[in-house]
Structures are given as C-alpha cells and as structure tokens.
Amino acid sequence: MSSLVRRTRLFVDGVDHWMNGKRMWLISGNILVIGLLVFILNYPLMKVSIVNIEGPEMWHHRAMDIAAPVGDSNLFHYDFEQVGRRLQAAFGARAQCDVQYVVPRGVSVVLTPTDPSLWTVAGRGVRADGALFATEADMPPSPIWRQTARRDQHVQTEAHLAAGVWSEVVDGDARFEHGASEWMRDAQRGWTMLAGNGQTRIILGWNNIEKRAAAAARLLEQRDSTLLSGCTIDARFDGRLIVRPDRRTAAVQPAAQVRQRDGETMALHLPVSTHRQGG
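Presented here is a report on the structure given in the accompanying data block. All residue numbers refer to position in the chain's written sequence, counted from 1. Where local features are concerned, this predicted model is filtered to residues with pLDDT of at least 70; where side-chain atom pairs are given and counted, the filter is 80 or more; whole-chain, interface and lining totals use all residues. Heavy atoms throughout the structure, all of them, feed into the side-chain values; hydrogens and water do not.

Structural notes on the sheet that holds strand 3 (residues 106-113)
Our working rule: Strand pairing requires that DSSP identify at least two bridges connecting the strands. A helix here means a DSSP run of H or I that spans at least four residues, while a strand means a run of E at least two residues long, and both kinds are numbered starting from the N terminus. Orientation is described by lines fitted to C-alpha atoms, with helices fitted over the stretch in contact, and by angles between N-to-C directions that extend from 0 to 180 degrees. The contact criterion used throughout is that any non-hydrogen atoms of two residues lie within 4.5 Å.
Pairing within the open sheet is mixed, and its 3 strands lie in the order 1-3-2. Every interior strand has two partners, whereas the edge strands, strand 1 (50-54) and strand 2 (95-102), have only one. Neighbouring strand axes in the sheet, compared pairwise and without regard to direction, differ in orientation by 15° on average. As judged from the 8 bridges shared by strand 2 and strand 3, these two strands associate in the antiparallel manner. Its bridge partner lying in strand 3, glutamine 100 is registered against serine 108. Across the face of the sheet, helix 2 (residues 57-67) comes into contact with strand 1, strand 2 and strand 3 while running at roughly 140° to strand 1.

Structure below.
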C-alpha cells in the first residue's frame, strides 16, 4: 500500500514538474509576443510620414488639416474611417472623399469634385440626387435650373425633383447634358428647357419625359431653317411634335450665326402636327 502511494506521489510530482516547465514556456512566450507587439506599435517605420492629397488645389489645405496624423502619428492609431467621415462632413455634397493606406507609411486622400447635373441661378450646384452644394472648384458646364421656390427647404425639395426629371431628359438623349442652357417648369406647360443655342425652347410637359426628350433630339438633328432660327418645340403630344417659329428671335439672328450652326443640328424626321393628345 505504501509503495502504491509512493508511486502515485512520484507521478503527481512529475506531472507538476512538467506543467511548471510548460507554464514557464507559456509565460516566456507571452512576454515575448507582448514585447514584439509593443515594439511593432512603436517602431518608427510604422508611423505615418506622408499624407498625399489628390483633388482641387484650393481644397488641399483644409483636407490636410483634417487628414494630418495627431499625437505620435502611429499607423495603428490612425483612424481611417473617422478621417473619412470628417472629410465628408467638411466637403458635403461638393465632393466624394476617399482615404486609403499607402504602403509603407503613407495615407492617400482623394477628393473627387461632384459634377453638377444642374446649376441654380445663384451659382450653387445640384447633384444628381438633388443635393445642393456650393462649389469652389472649376466645374463642367450644366444647364441653369430656374427654381420657383424661395425658402431653402422648398428649394431643396424642388432641386430633388428637378434633378430627377432632368436625369430622364439625359436618358432620352445624352447630348442634352451639355446641349441645353436652361431647365425649368411652370404650372401651365410643365417641364421646359432652352437649347444650348439660346433660341430653341422645348416643352416636355409632365410625363413621358424620356421619350419626349428623345423625340425632340431627333427633330433637332434636322438641318431646317426654322429650327436654326429659333422656335418652340412642343412635345406634349402622342407621337407628334408641334414646331412654332419664333419670328422675333429669327429676325435678330445674324445670317453668319445661322450658317455656323447649320452643321451642328442634332437627325430623324418626325411628323409635325397640331393634333393635341397629351400633357
């Protein structure tokens, strides 16, 4: 009995000794891993040293104030998501902001200016989703949207609607995106645009905007003196267009300007009728 107890005790002591050895290795390993982690987190090579701003030059200073690292500039302490949110809050609808890590110690900030679908009379841009923004950078030309509302909340609501309907016009024919000068609506005629030549007015009404815009674009491709001299194209009808010459506009057009635009008309003949069936 005593020998069994002695053997059992020896076995237990051996297990304890083996476990103590394992514990020492585990503790040593943990200390080594923690030390290595601390070294990596504080090693100079892991600090942000370059912040590159891509976008309009006039935005660089403001973007750098937001994107520049603070404190020890450690890469692991740099909050890319928070910097992106702060940039987007600062630039709003004016730009799309993207923040990325660049190997080995860089941060890239890309500011992409929003191309306005429309401009307000006051010079603010209207984004494709209707968001209004003030711009400080050079932007491509877009039609001027003549809103009717005066209060800001009403202007924002109208902008959302105007941008949405304008997208239907562009879907009808993409050339209108840079081929129209004004975009508006009124209670009597609905949505109306002024062609880029400043002489041709196109009335689209309230519905079927995409099809009506496409029909008007095909008509504008014709080399017709009435279209070139200024007219009103009424597209509010079922498969037909009404063209009304504007004699006052035509009278003031120099012949040289008319000849210059002769090769620029937009091309498929559509029937012209006075039979009204739509709105």
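Considerations on the packing of helix 2 against helix 3 (residues 80-91)
This is how the line gets drawn: In this scheme, a crossing is called left-handed if the near helix is turned counterclockwise away from the far one by less than a right angle; it is called right-handed if the turn is clockwise. Note that Gly is not counted as nonpolar here; it falls among the polar residues with everything else outside the nonpolar set of Ala, Val, Leu, Ile, Met, Phe, Trp, Tyr, Cys and Pro and the charged set of Asp, Glu, Lys and Arg.
Interhelical geometry of helix 2 versus helix 3 gives an angle of 145° and a closest axis separation of 9 Å. By crossing handedness, the relation of helix 2 to helix 3 is classed as right-handed. Residues Trp59, Arg62, Ala63, Ile66 and Ala67 of helix 2 lie in contact with helix 3, whose contacting residues are Val83, Arg86, Leu87, Ala90 and Phe91. Within the contact of helix 2 with helix 3, the residues separate by chemical class into 8 nonpolar, no polar and 2 charged.

Examining the nonpolar core
Counted only if it meets this: To form a nonpolar core, buried Ala, Val, Leu, Ile, Met, Phe, Trp, Tyr and Cys residues must be joined to one another through side-chain atoms within 4.5 Å. Only protein chains enter the area calculation, which uses a 1.4 Å probe; residues under 20% of their type maximum are buried, those over 50% are exposed, and those in between are partly exposed.
Core analysis: the largest hydrophobic core is formed by 33 residues, its most contacted members being Trp166, Val169, Phe176, Trp183, Met193 and Ile233. Of all the elements in the fold, those that place two or more residues in this core are helix 4 (152-172), strand 8 (180-186), strand 9 (190-195), strand 10 (201-205), helix 5 (209-219) and strand 11 (231-234). Of all the elements, helix 4 adds the most residues to this core, at 8 residues. Membership of the second largest hydrophobic core comes to 19 residues, among which are Val51, Trp59, Phe91 and Ala95.

Thoughts on the packing of aromatic side chains
In plain terms, the rule: Each aromatic pair joins two rings of Phe, Tyr and Trp (for Trp, the six-membered one) with centres within 6.5 Å, and gets the label stacked for planes under 30 degrees apart, edge-to-face for over 60, and tilted for any other angle. Each ring is checked for a lysine NZ or an arginine CZ that lies within 6 Å of its centre and within 35 degrees of its normal; such an atom marks a charge sitting over the ring.
One pass over the full model with this rule turns up 4 aromatic pairs. Judged by centre distance (5.2 Å) and plane angle (50°), the rings of tryptophan 59 and phenylalanine 91 are tilted. In this pair, tryptophan 59 is assigned in helix 2 and phenylalanine 91 in helix 3, connecting sequence segments 32 residues apart. Here the two residues tryptophan 59 and phenylalanine 91 agree in accessibility, since each one is buried. Taken together, the aromatic side chains of Trp166, Trp183 and Trp191 make up a single cluster linked through ring pairs. Across from the ring centre of phenylalanine 91, 5.7 Å away, lies the NZ or CZ of arginine 62, which sits over that ring.

With respect to the side chain of threonine 232
Note on placement: threonine 232 falls in strand 11. Classification of threonine 232 by relative accessible area gives buried; the value is 17%.

Some remarks on the pattern of salt bridges
Here is the rule we go by: Each reported salt bridge corresponds to a side-chain nitrogen of Lys or Arg within 4 Å of a carboxyl oxygen of Asp or Glu.
Taken as a whole and assessed by the stated rule, the structure comprises 8 salt bridges. The residue arginine 85 makes a salt bridge to glutamate 81 at a minimum N-O spacing of 4.0 Å. Taken together, the positions of arginine 85 and glutamate 81, both in helix 3 and 4 residues apart, correspond to about one turn of that helix. The burial state of arginine 85 is the same as that of glutamate 81; both residues are exposed. Notably, a salt bridge pairs aspartate 173 with arginine 175, separated by 2.8 Å at the nearest N-O pair.

Thoughts on the packing of helix 4 against helix 5
How we decide: Each angle gets one of four labels, with under 35 degrees taken as roughly parallel, over 145 as roughly antiparallel, 65 to 115 as roughly perpendicular, and the rest as oblique.
Orientation of helix 4 relative to helix 5, taken along the N-to-C sense of each, is 45°, at an axis distance of 7 Å. One element, helix 4, and the other, helix 5, form an angle in the oblique class. The chirality of how helix 4 crosses helix 5 is right-handed. Along its contact with helix 4, which presents Val165, Glu168, Val169, Asp171 and Gly172, the element helix 5 presents Ile209, Glu210, Ala213 and Ala214. Looking at the contact of helix 4 with helix 5 residue by residue, the classes come out as 5 nonpolar, 1 polar and 3 charged.

Purely geometric numbers; function is a separate question.
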